[in-house]
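# A structural walkthrough
Residues per chain, in single letters:
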Amino acid sequence: MSDQPLTGAEIELALSELPGWSHEHDHLVRTWTFDGHLQALAAATGVGLLSERRNHHADLTIAYNRLTVSVTSHSAGNKVSAKDTDLAGAVAELLD
């Protein structure tokens, strides 16, 4: 999968197929809210395992019962690439 940066139009098209995700500061970002802290931790573990299998790692932030997932491609100069849209879709499939 290419790690070339996507254009703004390509990112907007990808976001149309990734409900809940946004493009913020060259990252794709989405937050999930769970019933409690342990559920957010479990979700973060799932995302971590998924990221490891894909060898493309998301930044994860846990704030009690919320998990924020942020992805960018360091190999693309810290810009959004197809690797990010692919990982975002896989994370959404896991957590939705």
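Let us look at the structure shown here.

Quick notes on the rules
Position numbers for residues start from 1 in each chain and track the written sequence from start to end. In keeping with the model being predicted, local features are shown solely for residues with a pLDDT of at least 70 and side-chain atom pairs are shown and tallied solely at 80 or more, while totals for entire chains, interfaces and linings include all residues. Computation of side-chain values covers all heavy atoms of the structure but excludes hydrogens and water. Numbered from the N terminus, helices here are DSSP runs of H or I no shorter than four residues, and strands are runs of E no shorter than two. Only heavy atoms matter for contacts: two residues are in contact if any of them lie within 4.5 Å across the pair. Note on method: axes are straight lines fitted to C-alpha atoms, helices fitted across the in-contact stretch only, with angles between N-to-C directions ranging 0 to 180 degrees. In this scheme the crossing of two helices becomes right-handed for a clockwise turn of the near helix relative to the far one and left-handed for an anticlockwise turn of less than a right angle. Ten residues, namely Ala, Val, Leu, Ile, Met, Phe, Trp, Tyr, Cys and Pro, are considered nonpolar, four, namely Asp, Glu, Lys and Arg, are considered charged, and the remaining ones, Gly among them, are considered polar. Nine residue types can take part in a nonpolar core, namely buried Ala, Val, Leu, Ile, Met, Phe, Trp, Tyr and Cys, and a core is a set of them joined through side-chain atoms within 4.5 Å. Burial here depends on accessible area, computed with a 1.4 Å probe over protein chains only, as a share of the maximum for the residue type. Under 20% is buried, over 50% is exposed, and the range in between is partly exposed.

Looking now at the environment of Ile11. For Ile11, the position within the fold is in helix H1 (residues 8-16). Spatially, the C-alpha atom of Ile11 lies 16 Å from that of Ala90, the residues being 79 residues apart in sequence. Ignoring any residue separated from it by four or fewer positions in sequence, one finds Ile11 in contact with Leu6, His23, Leu28 and Val80.

Describing two packed helices takes the angle between their axes plus the distance from one axis to the other. Look at helix H2 (residues 37-54) against helix H3 (residues 82-95): their axes get within 10 Å of each other, and the N-to-C directions meet at 145°. For the element pair H2 and H3, the recorded crossing hand is right-handed. Here H2 contributes Ala43, Gly46, Val47, Leu50, Ser51 and Arg54 to the contact with H3, which in turn contributes Asp86, Leu87, Ala90, Val91, Leu94 and Leu95. Residue composition of the contact of H2 with H3, grouped by class: eight nonpolar, two polar and two charged.

Counting 23 residues, the largest nonpolar core has Trp21, Leu28, Trp32, Leu67, Val69, Val91 and Leu95 as its most contacted members. Those elements that place two or more of their residues in this core are H1, strand S2 (27-33), H2, strand S4 (66-71) and H3. Counting residues per element, this core draws most heavily on H3, at six residues. Ignoring anything within four residues of it in the chain, the contact list for Leu95 reads Trp32, Ala43, Val47 and Leu67.

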